[in-house]
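Chain and residue survey
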Amino acid sequence: MATQELATALAGDRAKGAFARLGAWTGSHLRAVILIWLVVLAGFGVFAPKVESVLAGAGWQDSTSQSVQARQIIERDFAGLGSSALQVVVVDRGGRIADDPSAQAVIARVEAMLRASKDVSAVVPPTAGSSVSADGRTAVVVAGAAAGTNQMVTAAADLAGPLSRLGTGHVSATLTGDSALWADFNSVNHSALIRSEVLSWPVTLAILVIAFGSLVAAGLPLMLTMTGLLVAAGALVLANRITPVSVWALNFALMFSLALGIDYALFLVVRFRAALERRQARPGDRAASVAAVAETVATAGKAVAFSAATVLASLASILVVPSPAFRSMAFGIMLSVVAVLAATLTLLPAVLGKLGTRVNSGRVRLRRGHPDRPSGHKLDKRLHAWGRLVWAHPWPAALAALAVLTLAAVPVIGLRTSMPSITIIPATANARVGYEQVTDAFGPGFPATLQVLVPPGRQATALRTARGTTGVATVMAGPTSNGWTLDQVVPGTGPSSAATGATIERLRHDLPPGSLIGGAAAENYDLEQALASRTPIVFGMLAALGFILLLLALGAPLIAFAGVVVTGLSVAGAFGVARLVFQDGHLSGLLTFTPQGFVDAWGPLFFGAMVFGVAMDYTLFLLTAAKERYETHADPEHSLVGSVRTSGRVVLSAAVVMIAVFLTFALSGPLAPKEMGVILAVAVALDALAVRLALIPALLAITRHAAWYQPKWLARILPKVRFSH
């Protein structure tokens, strides 16, 4: 009899669309689904353990820039003595190096160790007048790069410790330079992110238990997270064989696997429980479980698919930035999104179909209540009451939400961005110690030394022009190779100074045609300019793609447009708060950091795209729930109140988890994770509370039937997407 009922349920769902058929099949074929996923996980899992050791540590550049072109020529024709070269600062605290045999012995040992490295092409000893300080106490040994930038970052990490141990009691040897800086940056921030992620797991699990109300259901998001992360990690290792992938891609893949695993599992499990309750399913009622899974995938699963498409579109916009680091980080997150989506639409329904009513096993009740009431019963009632209140008084709710968003967003008008300064790494990091030793001995512009490549026959003119350029402190003539002359130009200001950027622009304008300016400072400046020029393009793409996907899902241009606009407000609010905290220094004491006077240049573009994707995730959950009700009963009040009651719980629960996770990053040591944690936590809080639970419901109440109006000409173009079952 049970088999006959199951067959009837499957036959009934075949006529209700591809998502319903997918849900019915996966819900009744656990073994086949598990077998497929075991094969997938085994295939990618073989490569996953190698992920941290093989991924790239550099790539923070504009690959189309003049400075990268200059570095490539220097690597080819000038023994790799470009921006990725290693620099070792030797400091004699007892006197002049020339008068101290022990200091000279340290320099000899440093040179020998560098020559012994397979990643070093040539070693340039300290030279009076250029790499020996005026007081004779500080000297710089330079080692040319024999490998690409990623390998040089790895080499810097490997050599930093052994080089420092070559020093004596009063003579120190410290590795610095751009490769050493990125090695320290990756090491310090990677360790902080791992600590934050470890700390976030028990917090996440505790909140999930409260949100789901049962131990079994709380474990489902973690299943999706681990599945997504394992597939993404293995895929990143494979992708790295084709093109270098940043090690940061793994961290962001983990973050999005966790965030989306929670979002999607919450949405499906809440809908599955409601479907079981509506069918009055009993333990062991297989037909009811499969029918509930089919309904869940046909409704919530379809919304999740549109949500994932929106997140993928948001991340794809980052690919317009010609930087290997940013492209590979976006690619890593996209891999995790695809993996989590696939698991959400296949593995999770299969498990739910098997569990049936046992999804509520391990029920956790924090307060006394009726044991048969579904978890979250009181929250659902409060959300229902809130939805009715917003319907009755939409204007106060809309104005209050707009006031909060505007207050948060106004400071973004004064937002300044720049590439991070040396303070992005701890004061004890070898790259920063060496940097400060160099600036004390040679002046603030020495770490920002520009490498000027001059075409044949133009060196004299180039040297004369450089010496007469405002902002230049020192000019040193250099050698000629393969038709190019390599000169060194030392600005009067540091690498992260806006004045140094202005000096670079003046030199590029005034130097003889065909000249190229490279060096670490020029590469940072070019990347900053690339980010600034692409940010409006990225945000324009985000808005356009977000509107198109909402329009495809909802079929209603007015509410689709409103959804994109209010999402933009929450993004602006997040960066308004970021300006107050990280640029102006408010709360710097509480968060224990030294403000740089700007927000890191990658923040608005990279974090903005991430925030937009997560925010649109919530928008789709709320609006598809509203559309589902409007399709079955064209009553705007019923649509609004019902969607707030059901999706509101998902939005609140997921937001609480993500805010807790992001705040663990905000409390970590280095500045970069703090920026990311604060920006994302504020964005989620604004979006969940002000936008999804107040502003959008108020807009639905104000516009009523007009929110769902679809012109006839548009109906002929758009596909018919229904969320009712």
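The structure contained in this document is the topic of the report that follows. Computed from a prediction, not measured in an experiment: that's the story for all the values here. Residue positions within a chain follow its written sequence, with the count starting from 1. Totals for whole chains, interfaces and linings use all residues, but because this is a predicted model, local features are given only for residues with pLDDT of at least 70 and pairs of side-chain atoms are given and counted only at 80 or more. Note that water and hydrogens are dropped before the side-chain values are worked out from all heavy atoms of the structure.

**Regarding the pattern of salt bridges**
Cut-off, in case you're wondering: We define a salt bridge as a contact between a side-chain nitrogen of Lys or Arg and a carboxyl oxygen of Asp or Glu at a distance within 4 Å. The way it works is that DSSP assigns letters per residue, a run of H or I at least four long becomes a helix, a run of E at least two long becomes a strand, and they are numbered from the N terminus.
Enumeration over the complete set of coordinates arrives at 16 salt bridges. Between Glu75 and Arg71 there is a salt bridge, with the nearest N and O atoms lying 3.6 Å from each other. Separated by four residues within a single helix, Glu75 and Arg71 lie in helix α5 (residues 66–77), roughly one turn from each other. Close ionic contact of Asp119 with Lys118 constitutes a salt bridge, the shortest N to O distance being 3.3 Å.

**As for the sheet that holds strand β3 (residues 138–145)**
We count it as follows: Two strands qualify as a pair provided that DSSP identifies no fewer than 2 bridges between them. In this description, a line fitted to the C-alpha atoms serves as the axis of each element, helices being fitted only across the stretch in contact, and the angle between N-to-C directions of two axes falls anywhere from 0 to 180 degrees.
Taken together, four strands build an open sheet; the order of strands is β2-β3-β1-β4 and the sheet is antiparallel. In this open sheet, the two edge strands, each paired with only one partner strand, are β2 (120–124) and β4 (171–176). Pairs of neighbouring strands in the sheet enclose a mean axial angle of 20°, with direction left out of account. Pairing of strand β1 (residues 86–92) with β4 involves six bridges; the strand directions are antiparallel. Looking across to β4, one finds that Val91 is bridged to Ser172.

**A look at empty space enclosed by the protein**
What counts is decided by this rule: Buriedness of a pocket was judged along seven lines, with at least five required to meet protein on both sides within 12 Å; pockets are open sets of points on a 1 Å grid over the protein atoms alone, cavities are sets where a 1.4 Å probe fits but cannot get out, and lining residues have an atom within 4 Å of a point. Grid points are joined across faces, edges and corners, and a volume is the space filled by probe spheres set on the points. Charged means Asp, Glu, Lys or Arg here, nonpolar means Ala, Val, Leu, Ile, Met, Phe, Trp, Tyr, Cys or Pro, and polar covers whatever is left, Gly included.
Scanning all chains against the criterion turns up five cavities of 30 Å³ or more. Looking at the largest cavity, its volume works out to about 130 Å³. Of all the secondary structure elements, the ones that give two or more residues to the lining of the largest cavity are α7 (149–164), α8 (178–212) and α19 (520–554). When the residues that make up the lining of the largest cavity are grouped by side-chain class, the tally is five nonpolar, seven polar and three charged. In this structure, the second largest cavity spans a volume of roughly 100 Å³. Lining the second largest cavity, in full, are Trp60, Phe185, Leu193, Trp248, Phe252, Met329, Trp602, Phe606, Phe607, Ala672, Pro673 and Met676. At the level of secondary structure, the elements contributing two or more residues to the lining of the second largest cavity comprise α8, α10 (248–278), α22 (602–632) and α24 (671–703). When grouped by side-chain class, the residues that make up the lining of the second largest cavity number 12 nonpolar, no polar and no charged.

**Structural notes on the environment of Trp602**
In this structure, Trp602 sits in helix α22. Along the chain, Trp602 and Trp391 lie 211 residues apart, while their C-alpha atoms are 40 Å from each other.

**Let's talk about unusual backbone geometry**
Even without glycine at this site, Ala79 takes up a positive phi of about 55°. Its place among the elements puts Ala79 in the loop between α5 and β1. You will see that Leu587, though not glycine, has its phi angle at about 70°, which is positive. Assignment of secondary structure puts Leu587 in the loop between α20 (557–583) and α21 (588–591).

**A few points about the nonpolar core**
Let me state the cut-off plainly: We call a set of buried residues a nonpolar core when its members are Ala, Val, Leu, Ile, Met, Phe, Trp, Tyr or Cys and they connect through side-chain atoms within 4.5 Å of each other. Burial here depends on accessible area, computed with a 1.4 Å probe over protein chains only, as a share of the maximum for the residue type. Under 20% is buried, over 50% is exposed, and the range in between is partly exposed. The contact criterion used is simple: two residues touch if any of their non-hydrogen atoms lie within 4.5 Å.
Of all hydrophobic cores here, the largest spans 208 residues; its most connected members are Trp60, Leu114, Phe252 and Phe326. Top contributing element to this core by residue count: α10, with 21 residues. Leaving out residues up to four positions away in the same chain, Trp60 has contacts with Trp182, Phe185, Trp248, Ser323, Ala325, Phe326, Met329, Leu527 and Trp602. Residues Val454, Val472, Ile504 and Ile517 belong to the second largest nonpolar core, which totals 17 residues.

**Here's the deal with the packing of helix α12 (residues 324–345) against helix α13 (residues 347–355)**
Between two packed helices, both the angle of their axes relative to each other and the distance between the axes serve to describe the pair. The condition is simple: Throughout, the term roughly parallel applies to angles under 35 degrees, roughly antiparallel to angles over 145, roughly perpendicular to angles from 65 to 115, and oblique to all others.
Relative to each other, α12 and α13 sit at 30°, their axes nearing to 3 Å. As judged from the angle between their axes, α12 and α13 are roughly parallel. Contacts between α12 and α13 involve Ala342, Ala343, Thr344 and Leu345 from the first element and Leu347, Leu348 and Pro349 from the second. When the residues that make up the contact of α12 with α13 are grouped by side-chain class, the tally is six nonpolar, one polar and no charged.

**Some remarks on the packing of helix α15 (residues 394–409) against α24**
In plain terms, the rule: Crossing handedness follows the turn of the near helix against the far one: under a right angle anticlockwise gives a left-handed crossing, and clockwise gives a right-handed one.
Where α15 contacts α24, the two axes come as close as 8 Å, and the packing angle between them is 140°. The way α15 lies across α24 gives a crossing that is left-handed. Residue-level contacts link Pro394, Trp395, Ala397, Ala398, Ala401, Leu402, Val404, Leu405 and Ala408 of α15 to Leu686, Ala690, Val691, Ala694, Leu695, Ala698, Ala701 and Ile702 of α24. When grouped by side-chain class, the residues that make up the contact of α15 with α24 number 17 nonpolar, no polar and no charged.

**Examining the environment of Val231**
The residue Val231 is located in helix α9 (residues 215–240) in this model. Classification of Val231 by relative accessible area gives buried; the value is 10%. Leave out the neighbours within four places in its chain, and Val231 touches Trp37, Val40, Leu41, Phe44 and Ala339.

**Structural notes on the pairing of β3**
Taken residue by residue, a regular strand's side chains alternate between the two faces of the sheet. Summarising burial for β3: seven of the eight residues are buried, a large majority. Here six bridges tie β1 to β3, and the two strands are oriented antiparallel to one another. Bridging from a neighbouring strand, Val90 pairs with Ala139 of β3.

**Here we look at the packing of aromatic side chains**
Stated formally: The pairing test for Phe, Tyr and Trp rings, Trp by its six-membered ring, is centres within 6.5 Å, and the orientation test on the planes gives stacked under 30 degrees, edge-to-face over 60, and tilted for anything in between.
Summed over all chains, the structure comprises 16 aromatic pairs. Ring geometry for Phe582 versus Phe593: centroids 5.1 Å apart, planes at 35°, classification tilted. In this pair, Phe582 sits in helix α20 while Phe593 sits in the loop between α21 and β11 (599–600), placing the two residues 11 residues apart along the sequence. When sorted by exposure, Phe582 lands in the same class as Phe593, which is buried. Ring plane angle 55° and centroid distance 6.0 Å describe the contact between Phe606 and Phe607, whose orientation is recorded as tilted. For the pair Phe606 and Phe607, one class covers both residues: buried. Feature note: the residues Trp60, Trp182, Phe185, Trp248, Phe252, Phe326, Trp602, Phe606 and Phe607 constitute an aromatic cluster, connected by ring pairs.

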